[in-house]
Every structure is written in structure tokens, then in C-alpha cells.
Amino acid sequence: MTVSKTRAKLVDVARQLFAKMGVENTTMNDIALASKKGRRTLYTYFKSKEDIYLAVVETELDILSDMMKRVTEKPVSPDEKLIEMIYTHLDAVKEVVFRNGTLRANFFRDIWRVEKVRKRFDATEIQLFKEVLSEGMAKGVFEIDDLDMTAEIIHYSVKGIEAPYIRGHVGAHLDDDTRDKYVTRLVLGALGKKKELTNQ
């Protein structure tokens, strides 16, 4: 097994154990046994449980990055891409948190620890938002004065509502269509999207 395959297997096994037993209750020995690798192999790749936990989070963020990139490549208008990117981000994070069971509590409790590995993802996402906003400007869909600042504001706004969205606090009393209408009007209105395009 190659180095990258061995590491990927260890991360996947750790993710499953963390989800089932919780990060605190999982030991490096548990991971070594479940992966059928020796402790020496495990410690070759990861110095501590903290390291492997962060690798699990990073792997999930890489999957989210790929999903976001696929949305930017869709043959749809920039305004549709932008709204889909926002929902892709929020729904993917929600799915990761719920799929990982007991990791859910850790995700919120350890948000600052998770921040360390989010830096690369955050930079990638901001760049993807910039590409879609730039495309929208070129096509006359958006009116934006500062592209960099706008991409950052969208990214940090979406990031800021992750926890309430996951907990069902955002638009909980609304049906999906009404919630989507509010989000679309708010986001696209702020970007100066032409009125005739927003009356859908």
C-alpha cells in the first residue's frame, strides 16, 4: 500500500471511530487496531490524536472544496451558481456534522481548533466566489465595486451562519421556497443584480 493510501485509510478509520465513540473516547491504539496497522505505522503518519483529528476535518473540507468547484463549472448563469454555492456549502457542512455523529459536539466545541485546518479551504472558497462574481460582472449580471472585499464578505457571511443553519435556526418557520426567495433577494440584491432578472 502506498504512503498516501495508508494515510487515507488511517484517516478514514479514525473518522469512523470518532463518529461512533467520540474523539475523547477513541485512543491511538483503537485506531491502530481497527485499521489493522501497527501503532508504529500510525505514529509514522500522525504524532498524536490531535493530528489525526485535524486530518479528518481536513479531508471533509477537501470534499467540500471539490463540490464547490463543480458548482462553479456548471453551465448556468453566475447568479444561479452563487446561490447554489451558498447552499452547497451549508448543506455539505450540515451533512458532515450529522454523518459524523458524536463528532458533531466536538465540531462546535472545537471550532477554534478546526479553524487551523480551515485556512486552506477558506482561501479556496473565497477564490471560487471571486471567479463567479467576476463572471457575473463580465456578463453584466452584478455591479460590484470591490471584487476581493465582496468575495470575502460572502464567504464569511456563509461561514458565520453554519452553526445556526445546522441547528435548524435559520428560516425554521419558513417553507423551503419562501426561505430560498429571501436568501436570493438578499444576496443578489446586495450585488446589484438587475431587477428584471430577479423577478422569477
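Residues numbered from 1 in each chain as written. Predicted model: local features only at pLDDT ≥ 70, side-chain atom pairs only at ≥ 80, totals over all residues. Heavy atoms only, no water.

Caption draft 1: Examining the overall build of the chain more closely. Looking only at helices and strands, one finds eleven helices and zero strands in the chain. Counted from the first residue to the last, the chain has its helices and strands arranged as α-α-α-α-α-α-α-α-α-α-α. By residue count, 41% of the 200 residues in the chain fall in the buried class. Just so you have it, the chain exposes about 11,300 Å², and 55% of that area is on carbon and sulfur atoms. (Helix = DSSP H or I, 4+ residues; strand = E, 2+ residues; numbered from the N terminus. Buried < 20%, exposed > 50% of the residue type's maximum accessible area, 1.4 Å probe, protein only. Areas by Shrake-Rupley, 256 points an atom, 1.4 Å probe, with all protein chains shown as cover.)

Caption draft 2: Here's a closer look at the environment of Thr-184. Along the chain, the position of Thr-184 falls in helix H10 (residues 176-190). On a C-alpha basis, the gap between Thr-184 and Leu-82 in space is 9.4 Å, while along the polypeptide they are 102 residues apart. Once residues within four sequence positions are removed from consideration, Thr-184 is found in contact with Ile-83 and Gly-189. (Contact = heavy atoms within 4.5 Å.)

Caption draft 3: Region of interest: unusual backbone geometry. One non-glycine residue, Lys-36, lies in positive phi territory at about 60°. Mapping Lys-36 onto the fold places it in the loop between helix H2 (28-34) and helix H3 (39-45). Given the relative accessible area of 74%, Lys-36 is considered exposed.

Caption draft 4: Representation of the packing of aromatic side chains in the model. In this structure the tally under the stated criterion is one aromatic pair. Seen from the ring of Tyr-165, Lys-94 lies directly overhead, with NZ or CZ sitting 5.2 Å from the centre. (Phe/Tyr/Trp six-rings, centres within 6.5 Å; stacked < 30°, edge-to-face > 60°. Lys NZ or Arg CZ within 6 Å of the ring centre and 35° of its normal.)

Caption draft 5: Structural view of helix H8 (residues 147-160). Here H8 contains 14 residues, and its C-alpha end-to-end distance of 20 Å stays within 8% of the 20 Å for a straight helix at 1.5 Å per residue. You can read the cap of H8 off the contacts: a side-chain oxygen lies 3.3 Å from the backbone nitrogen of Asp-148, and it is on Asp-146. (Expected span 1.5 Å × (residues − 1). Polar contact = N/O pair within 3.5 Å; in protein donor to acceptor, adjacent residues only side chain to side chain.)

Caption draft 6: Expanded view of the side chain of Glu-125. Examined against the element boundaries, Glu-125 turns out to sit in helix H7 (residues 111-138). Here Glu-125 is buried and forms no salt bridge, its nearest opposite-charge partner Arg-118 lying at an N-O distance of 5.8 Å. The contact partners of Glu-125, leaving out residues within four places of it in the chain, are Met-68, His-89 and His-155. (Lys, Arg positive; Asp, Glu negative; His and termini not counted. Salt bridge = Lys/Arg side-chain N within 4 Å of Asp/Glu carboxyl O.)

Caption draft 7: A look at the pattern of salt bridges. This structure, assessed with the given rule, holds twelve salt bridges. Residue Asp-148 is joined to Lys-130 by a salt bridge in which the shortest nitrogen-to-oxygen separation is 2.8 Å. Here Lys-130 lies in helix H7 and Asp-148 lies in helix H8, a separation of 18 residues in the sequence. Judged by relative accessible area, which is 40%, Asp-148 ranks as partly exposed. Connected via shared salt-bridge partners are Arg-118, Asp-122, Lys-159 and Glu-162.

Caption draft 8: Representation of the environment of Lys-119. With respect to the helices and strands, the residue Lys-119 is situated in helix H7. You can call Lys-119 exposed: its relative accessible area is 62%. Residues Lys-119 and Glu-58, spaced 61 residues apart in sequence, show a C-alpha to C-alpha distance of 9.9 Å.

Caption draft 9: How the structure looks around the confidence of the model for the chain. Averaged over the chain, the pLDDT score is 85; the fraction of residues at 70 or greater is 87%. Within the chain, the lowest mean pLDDT, 46, falls on helix H11 (residues 195-198), and the highest, 94, falls on H2. Contacts for the low-pLDDT stretch residues 195-200, under 50 throughout, to residues beyond four places or in other chains number three contacts. (pLDDT = per-residue confidence, 0-100.)

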